[in-house]
Every structure is written in structure tokens, then in C-alpha cells.
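What follows is each chain in one-letter form.
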Amino acid sequence: MTQDELKQAVARAAKDYVAANLPAGGILGVGTGSTANFFIDELAAIKDRIGGTIASSEATKKRLEGHGIRVLDLNDITGMSIYVDGADEIDAGFAMVKGGGGALTREKIVAAVAQTFVCICDGSKLVKTMGKFPLPVEVIPMARAYVARELEKLGGQPKLREGFTTDNGNVILDVHGLSITDPVGLETKLNQIVGVVTNGLFAARGADVLLLGTAEGVKTSTR
Ligand code: 5RP
């Protein structure tokens with residue numbers, strides 16, 4: 001199976017998960033990226049069961065609306081049952097590296113509100129130790145050089161994501177060369193650097209459910 005076929009299979013499984021677990025008229029958070037895009041396309045089939053969605057990026061909002069799926073403002077809701085999103089890496093404890101698509105800040109906000117975070121990815125994303133995928137860090141533009149120096153002190157090699165501005169008007173430093181043995185500790189340290197808006201470690205609030213696409217089928221695990 002190709003990676004896209006695995007993503008497609010996992011997207012279908014996520015649609016089935018939502019159909020079975022989202023209370024009628026419930027609010028669904030929707031992630032960003034190629035796996036999330038497959039999921040959005042699947043979601044169209046059950047859109048009448050969904051009270052509304054919260055989009056984690058402008059791109060996701062556009063795709064949802066393209067299918068006639070209602071997108072709400074996060075400030076107008078008081079709770080969200082399920083959030084479905086991909087990941088760049090996930091470890092056995094369901095901590096994740098996210099932000100390859102640059103949507104990490106809004107994704108982390110949606111994840112914070114959701115009762116259940118369902119991570120959808122193909123088998124290549126499950127790793128023993130995270131860090132091979134460069135860790136995205138969203139930074140206020142004027143703090144870019146300062147934050148880069150601080151990231152170097154933590155042992156990383158930050159590289160500016162050229163020609164990219166986030167939905168929030170900020171820049172991204174992709175941090176290479178990290179071996180993330182203490183995801184919660186590193187997430188906390190990165191949050192303390194002034195000028196960092198969000199870091200792509202989703203460890204303090206990791207996933208609750210993992211739908212993993214493999215050649216043997218989609219495997220479901222719960223934390
Ligand atoms: C976007 C993300 C995505 O979930 C992550 O990059 C995975 O993307 P894909 O499904 O395309 O592999 O965090 O900011």
C-alpha cells in the first residue's frame with residue numbers, strides 16, 4: 001500500500017469513529033495536513049450528524065466549507081467532544097510532534113478544548129524517540145534570532161521555514177537534531193522562551209486514541 005492509501009484508510013476509520021462516538025449535533029475539531037484532508041473528504045458523508053466543526057487552520061476551514069460542512073468560531077462554543085488530526089511523529093506514550101503544515105498553534109488550542117484527541121496517521125509516524133522530524137516552533141517575527149540562539153543552547157539546530165507565514169502572522173523555526181527523550185520537559189522549557197508562541201510538542205496534552213494505518217489494516221489503540 002502507498003502512504004496515501006494508508007492515510008485514506010485511516011481517514012475512513014476516523015469517519016467511522018466519529019459516526020460512532022460523536023453525540024448527535026456534537027462539535028468536532030478538525031486538523032490540518034494531508035491526512036486531515038482525506039478525513040475532511042470522508043466527513044462529507046456524515047455532515048448531517050455534526051452540529052458544527054472547529055477548523056485548526058484557514059486551509060481546513062476552506063476545505064470543510066467546500067463540502068458544505070458548517071465551521072464555527074471557537075469563541076462561540078463551550079465544549080468539543082472529539083478532535084481528529086494527524087501528526088508528524090507519535091511515540092508509545094501518545095506524545096506527538098506536530099506542525100509540519102505550520103498550523104501548530106491553532107491545533108494546540110483546539111486540542112486543549114477537545115475532550116478526546118484522535119490522532120490519525122500512517123505507520124511511519126510511530127517512532128520510539130521523537131526528534132528525527134524537525135520540531136516546528138512558531139515565533140513572533142521580531143524574536144526570531146533571539147529564539148534561534150536559545151534553541152541552540154538546548155542542543156537543536158533551528159532553521160527558518162523560508163517563505164512561510166503562519167495563519168497568525170508569525171514565522172516558524174524548524175529545529176533539527178533533537179532527540180526527544182523527555183517530551184513533557186522539553187515542551188515546558190520551550191514554552192518558557194520569550195517570543196515563542198507555540199512549540200510543536202504535544203506532550204502535556206497528547207492524543208487519547210491512535211488510529212494507525214498499516215499494511216495489515218487500521219490499528220486502534222487507546223491511552
Ligand atoms: C499540521 C500538522 C499535521 O497534522 C502534520 O504535519 C501531519 O501532516 P500529514 O498528515 O500531511 O502527514 O501538524 O500542522
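For the structure itself, consult the block above.
What counts, and at which threshold
- Just so you know, the residues in each chain are numbered from 1, in the order the chain's sequence is written.
- Only residues with pLDDT of at least 70 get local features here, since the model is predicted, and only at 80 or more are side-chain atom pairs given and counted; chain-wide, interface and lining totals rely on the full set of residues.
- Side-chain measures were taken over the full set of non-hydrogen atoms in the model, leaving aside hydrogen atoms and water.
- In this analysis, a patch consists of residues with relative accessible area above 30% that form no salt bridge, clustered at 9 Å for like charges and at 5 Å for the nonpolar side chains Val, Leu, Ile, Met, Phe, Trp and Tyr.
- All accessible-area figures derive from a Shrake-Rupley calculation using a 1.4 Å probe, and residue coverage is judged against the displayed protein chains alone.
- One side-chain nitrogen of Lys or Arg within 4 Å of one carboxyl oxygen of Asp or Glu is enough to make a salt bridge.
- Only DSSP runs of H or I reaching four residues or more are called helices, and only runs of E reaching two or more are called strands; each is numbered from the N terminus.
- Note on exposure labels: buried denotes an accessible area under 20% of the residue type's maximum, exposed denotes more than 50%, and partly exposed covers the range between, all computed with a 1.4 Å probe on protein chains only.
- Strand pairing follows a simple DSSP-based rule, namely that at least 2 bridges must link the two strands.
- In this description, a line fitted to the C-alpha atoms serves as the axis of each element, helices being fitted only across the stretch in contact, and the angle between N-to-C directions of two axes falls anywhere from 0 to 180 degrees.
- Whether two residues are in contact is decided by their heavy atoms: any pair within 4.5 Å suffices.
- An angle below 35 degrees is treated as roughly parallel, one above 145 as roughly antiparallel, one from 65 to 115 as roughly perpendicular, and anything else as oblique.
- The handedness criterion is simple: a crossing whose near helix is rotated anticlockwise from the far helix by less than a right angle is left-handed, and one whose near helix is rotated clockwise is right-handed.
- Polar here means any residue other than Ala, Val, Leu, Ile, Met, Phe, Trp, Tyr, Cys and Pro, which are nonpolar, and Asp, Glu, Lys and Arg, which are charged; Gly is therefore polar.

1. Focus on a nonpolar patch on the surface
And step 1. A cluster of nonpolar side chains, contributed by Ile 140, Met 142 and Val 197, occupies part of the molecular surface with about 310 Å² of accessible area.
And step 2. By secondary structure assignment, the location of Val 197 is in strand β10 (residues 196-199).
And step 3. Its relative accessible area of 33% is what places Val 197 among the partly exposed residues.

2. Here's the deal with the sheet that holds strand β7 (residues 135-139)
And step 1. Pairing within the open sheet is antiparallel, and its 4 strands lie in the order β8-β9-β7-β10. Only two strands of the sheet have a single neighbouring strand rather than two, namely β8 (157-160) and β10. The sheet shows a mean angle of 30° between the axes of neighbouring strands, taken without regard to direction.
And step 2. Contacts from helix α4 (residues 104-113) reach β7, β9 (171-176) and β10 within the one sheet, and its direction differs from that of β10 by about 65°.

3. Examining the packing of helix α1 (residues 3-21) against helix α2 (residues 34-43)
And step 1. Closest axis-to-axis distance for the α1/α2 pair is 8 Å, and the angle between their directions is 50°. As far as their axial angle goes, α2 and α1 are oblique. Every pair of crossing elements has a handedness; the one defined by α1 and α2 is right-handed. Residue-level contacts link Asp 4, Lys 7, Gln 8, Val 10, Ala 11, Arg 12, Ala 14, Lys 15 and Val 18 of α1 to Ser 34, Thr 35, Phe 38, Phe 39, Glu 42 and Leu 43 of α2.
And step 2. Of the residues belonging to the contact of α1 with α2, the class tally is 7 nonpolar, 3 polar and 5 charged.

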